[in-house]
Amino acid sequence: RAKFIRVLMAEMNRIASHLYWLCLMSISVGFETMLMWTMNDRELFLDLFEEITGARITYSALRPGGIAFDIPDSFQQSATRILDHFEHRLDDYLAMIFKNHTFRMRTVDVGVLSASDAIELGIVGPNLRASGVSADVRRDEPYEAYEKFEFSIPCEDKGDAYARSLVRFHEMRESVSIIRQAIKTIPSGPVAVRFPQMLPKGEAYSRVESARGELGYYLVSEGMDRPYRLKISTPSFRNMAALPHLVRNVTMADVTPIYLSLDLIPLDIDR
């Protein structure tokens, strides 16, 4: 049950992250209306987080051994209502942004990243998939309960700012589908087990597919109650390598949509 709830929250977080990105990406090319649309729709998913955890942003519910909070009885009804609304909103986004001539003019063939360059630079997540490389940890190395759900991995092949935007748009639809499946099939039972306070001696690496791409944790333990060494590999740090590569010999006007199409977050880079 904890694994299903983790998937629910991970996919809601993916949608909330992509909506925040779409807000910034839209403003960069002059679409202020999308600021209101995306932020208002994002609030609905923050409401769901608050319903589960009591917090909207820093909920910190995923814990070793399970999860801190079980979903309330009202969650299925609340989530279904919001997902029904949001699917219609995605149709509005498609018409407003992705079929818009101005948005396409500012993003198509802008900041092109080839598949070979993306692989050589170590790019991850939607930025990698927009260059035609179908890689996603949820499918390639399933964790939690992802192997129990049916979902597609959106990919594009042009590798430009428009392709990176389109991949994130389609990912939101897939996240809606995953959440619906999880709500319908979530098993009963406890949401946490007792977790040993002492870490086994040794080393381990684990990775997940966060909204911005592969997020990895490398941990070394000497058998104490805290790790000897912990290294976090964040997707923004890895994707940052594409920026100097893409802004060579471009106009100043193209720098902003290129930067925002990579969905880099400074706090995710600083490690």
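What you see is a predicted model, and the numbers here were worked out from it, not measured in a lab.

## Side note on the nonpolar core
Part 1 of the argument: One finds Met9, Met12, Phe45, Phe75 and Phe86 to be the most contacted residues of the largest nonpolar core, which totals 53 residues.
Part 2 of the argument: Of all elements in the fold, only helix H1 (2-28), helix H2 (33-53), helix H3 (75-98) and helix H8 (161-185) reach the threshold of two or more residues within this core.
Part 3 of the argument: It is H1 that contributes the most residues to this core, twelve residues altogether.
Part 4 of the argument: Excluding residues within four positions of it along the chain, Phe75 makes contact with Leu8, Met12, Leu48, Glu51, Ile52 and Ile183.
Part 5 of the argument: Counting residues in each nonpolar core, the second largest holds 13 residues, with Val110, Leu113, Leu243 and Leu264 among its members.

## Focus on the packing of H3 against H8
The description of two packed helices rests on the angle between their axes and on the distance between the axes.
Part 1 of the argument: One way to put it is that H3 packs onto H8 with a least axis distance of 10 Å and a crossing angle of 160°. When the axes of H3 and H8 are compared, the pair comes out roughly antiparallel. You can see that H3 and H8 cross each other, and the crossing is left-handed.

## As for the pattern of salt bridges
Part 1 of the argument: Overall, the coordinates contain 25 salt bridges when judged by the stated rule.
Part 2 of the argument: Across the salt bridge formed by Arg56 and Glu43, the nearest N and O atoms sit 2.4 Å from each other. Taken together, the residues span a long stretch of sequence, with Arg56 in the loop between H2 and strand S1 (62-63) and Glu43 in helix H2 at a distance of 13 residues.
Part 3 of the argument: You can call Glu43 partly exposed: its relative accessible area is 36%.
Part 4 of the argument: Note that Asp263 is salt-bridged to Arg212, the shortest N-O span being 3.4 Å. Pair noted here: Asp263 is in the loop between helix H11 (252-261) and helix H12 (266-269) and Arg212 is in the loop between strand S3 (202-210) and strand S4 (213-221), with a separation of 51 residues, a long-range link. Each of the two residues, Asp263 as well as Arg212, counts as buried.
Part 5 of the argument: Bridged by salt links that share partners, the residues Glu11, Arg14, Arg129, Asp136, Arg138, Glu171 and Glu209 form one connected network.

Scoring rules and cut-offs
Residues numbered from 1 in each chain as written. Predicted model: local features only at pLDDT ≥ 70, side-chain atom pairs only at ≥ 80, totals over all residues. Heavy atoms only, no water. Core = buried A, V, L, I, M, F, W, Y, C linked by side-chain atoms within 4.5 Å. Buried < 20%, exposed > 50% of the residue type's maximum accessible area, 1.4 Å probe, protein only. Helix = DSSP H or I, 4+ residues; strand = E, 2+ residues; numbered from the N terminus. Contact = heavy atoms within 4.5 Å. Axes fitted to C-alpha atoms, helices over the stretch in contact; angles between N-to-C directions. Parallel < 35°, antiparallel > 145°, perpendicular 65-115°, else oblique. Left-handed = near helix turned anticlockwise from the far one by under 90°. Salt bridge = Lys/Arg side-chain N within 4 Å of Asp/Glu carboxyl O.

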